[in-house]
Amino acid sequence: MPRMPQGKPAGVRCAHLLTDERCELFGRAERPAVCSSLQPSPEMCGASRAHALRWLRALEVATTPPAGPCHRGIIGASHPLHASQGPR
Ligand code: SF4
């Protein structure tokens, strides 16, 4: 994302979202794959902008990674993500 080289944090308006709510990167190679793959649906869009923003906020909350510098302490050393690191 040219205007957000570190990525777009959750809850922050995208720097590529134009004032008329269109995507500045639409149709361009720089548009993130996740943006291109997100398909609108009546369930997601609803009948208002407020509904769509609530839906997006719920998606952000559901996909926010755990806080902290490392998730080892949260999911435990026995989790498959840590299996390749062997015993300590
Ligand atoms: S579709 Fe992606 S790149 Fe475009 S404005 Fe929305 S978040 Fe930004």
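Observations regarding the overall build of the chain
Here is step 1: Counting its regular elements, the chain contains four helices and zero strands.
Here is step 2: N-terminal to C-terminal, the α/β element order of the chain is α-α-α-α.
Here is step 3: Looking at the chain as a whole, 1% of its 88 residues are labelled buried.
Here is step 4: In the chain, the share of contacts with a sequence separation of at least 24, taken over all contacts with a separation of at least 6, comes to 19%.

Observations concerning the site of the ligand
Here is step 1: In the vicinity of the ligand, the residues found are Lys-8, Cys-14, His-16, Leu-17, Cys-23, Leu-25, Arg-31, Pro-32 and Cys-35.
Here is step 2: Of the residues in the shell around the ligand, the class split is six nonpolar, one polar and two charged.

Section: helix α3 (residues 49-63)
Here is step 1: For α3, which comprises 15 residues, the first-to-last C-alpha distance of 21 Å matches the rise-based estimate of 21 Å (1.5 Å per residue) to within 8%.
Here is step 2: Among the 15 residues that make up α3, zero are buried, leaving the element largely open to the surroundings.

Some remarks on the confidence of the model for the chain
Here is step 1: The predicted model of the chain has a mean per-residue pLDDT of 81, with 76% of residues at 70 or higher.
Here is step 2: Averaged pLDDT values over the elements of the chain bottom out at 51 in helix α4 (residues 72-75) and peak at 94 in helix α2 (residues 42-45).

Cut-off values and rules
- Residues numbered from 1 in each chain as written.
- Predicted model: local features only at pLDDT ≥ 70, side-chain atom pairs only at ≥ 80, totals over all residues.
- Helix = DSSP H or I, 4+ residues; strand = E, 2+ residues; numbered from the N terminus.
- Buried ≥ 20, exposed ≤ 12 C-beta atoms within 10 Å, placed from the backbone.
- Contact = placed C-beta atoms within 7 Å.
- Near = placed C-beta within 6 Å.
- Nonpolar A, V, L, I, M, F, W, Y, C, P; charged D, E, K, R; others polar.
- Expected span 1.5 Å × (residues − 1).
- pLDDT = per-residue confidence, 0-100.

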